[in-house]
Amino acid sequence: MNKFSSLFKKIHIHSLLWVMIAIAIATARFFELFMLLFIIFIHEMGHAVTATFFSWRIKRISLLPFGGVVEMDEHGNRPLKEEALVVLAGPLQHLWMMGGAILLYELSWLSFASFILFIKYNLMILTFNLLPIWPLDGGKLLFLLLSLYKSFPKAHQTTLILSGFFIFIFILFVLIISPTHLNIWIVLSFLLFSLTKEWKHRRYVFMRFLIERYSGKKDHFRSLRPLKVREEELVIHVLERFQRGYKHPIIILKNDTESGFLDENELLHAYFTEKLLTAKIGDLHYSF
């Protein structure tokens, strides 16, 4: 129970959000803002509580002027089903919130205007978060889906490219439907900034994935997926074929015939501990 209650200590409210709260009070719009912040808070706590249940490392739960984010100290080595549950836990909160609003309205404990506004905010946040754009929940689900078929760096890079395409479509849609809506442009600016930052750091993200795979828990890998590699292939090129959710026995080929075997940890050890950055698979095969 303590690990769940400790989540409240990790909540951080952005300074600009305090300004928005003050403006809302001054303009008699506090109830609408409170309703919106309540929905965002429950959404983010859905992620946080589920992540805590699976013993994920949570750094901070941030409430921003245009949404929220749960910052995790995880780097892609949790089981895919577990990650999917953590991602989906946010959007699923909207279902019971809307169900609760219907019940309160039927009991006449909620006015019609408040009921409509609450449902509208829930649908708006739910729909927006499921857009296939990084770092929204839809973008993270896209990453998980691609990870079923692609290596970590390829799935990550493809997710970011597709996110850029969908942002472009979203911008065209906004230009046609509501070109003067300031809040939407602020959110779009945040998405573009986050996507650009993630693209610039994609190699660093991949290295963190490998480092945690090397030094982290090993019981997260439930399936084996052998990789057949040639002796002349570089170690880093083989590491770039590593996939989320799988442990990779390395089968070495010489003239299309199996000539040896390496454990994936031997490659990671050679790259990160022995600093054999330009080593070939054959070099490791004959040295181990």
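Quick notes on the rules
- Residues numbered from 1 in each chain as written.
- Predicted model: local features only at pLDDT ≥ 70, side-chain atom pairs only at ≥ 80, totals over all residues.
- Heavy atoms only, no water.
- UniProt positions renumbered as here; feature names shortened; annotations may be inferred.
- Helix = DSSP H or I, 4+ residues; strand = E, 2+ residues; numbered from the N terminus.
- Pairing = 2+ DSSP bridges.
- Axes fitted to C-alpha atoms, helices over the stretch in contact; angles between N-to-C directions.

The name given to the chain in an unreviewed UniProt entry is M50 family metallopeptidase, with the source organism recorded as Bacillus aquiflavi. For the chain, the Cofactor (unreviewed entry) comment in UniProt is given as "Zn(2+)". Per UniProt, the chain carries the Subcellular location (unreviewed entry) text "Membrane".

*Asks:* Talk me through the UniProt feature "transmembrane region" (unreviewed entry) in the chain; I want residue IDs and the actual numbers.
*Replies:* The UniProt feature table records "transmembrane region" (unreviewed entry) at residues 95-119, 125-146 and 158-176. This span, residues 95-119, is 80% helix and 0% strand, and a straight line between its end C-alpha atoms measures 10 Å. With 68% helix and 0% strand, residues 125-146 has its two end C-alpha atoms placed 24 Å apart.

*Asks:* Please set out the sheet that holds strand β2 (residues 58-64) residue by residue, giving values where relevant.
*Replies:* Taken in spatial order, the three strands of this open sheet run β1-β2-β3, and their pairing is mixed. In this open sheet, the two edge strands, each paired with only one partner strand, are β1 (11-13) and β3 (67-72). Ignoring which end each strand starts from, the neighbouring axes of this sheet average 20 degrees apart. Across six bridges, β2 lies against β3 in antiparallel orientation. Across the sheet, the residue bridging to Leu 64 is Gly 67, located in β3.

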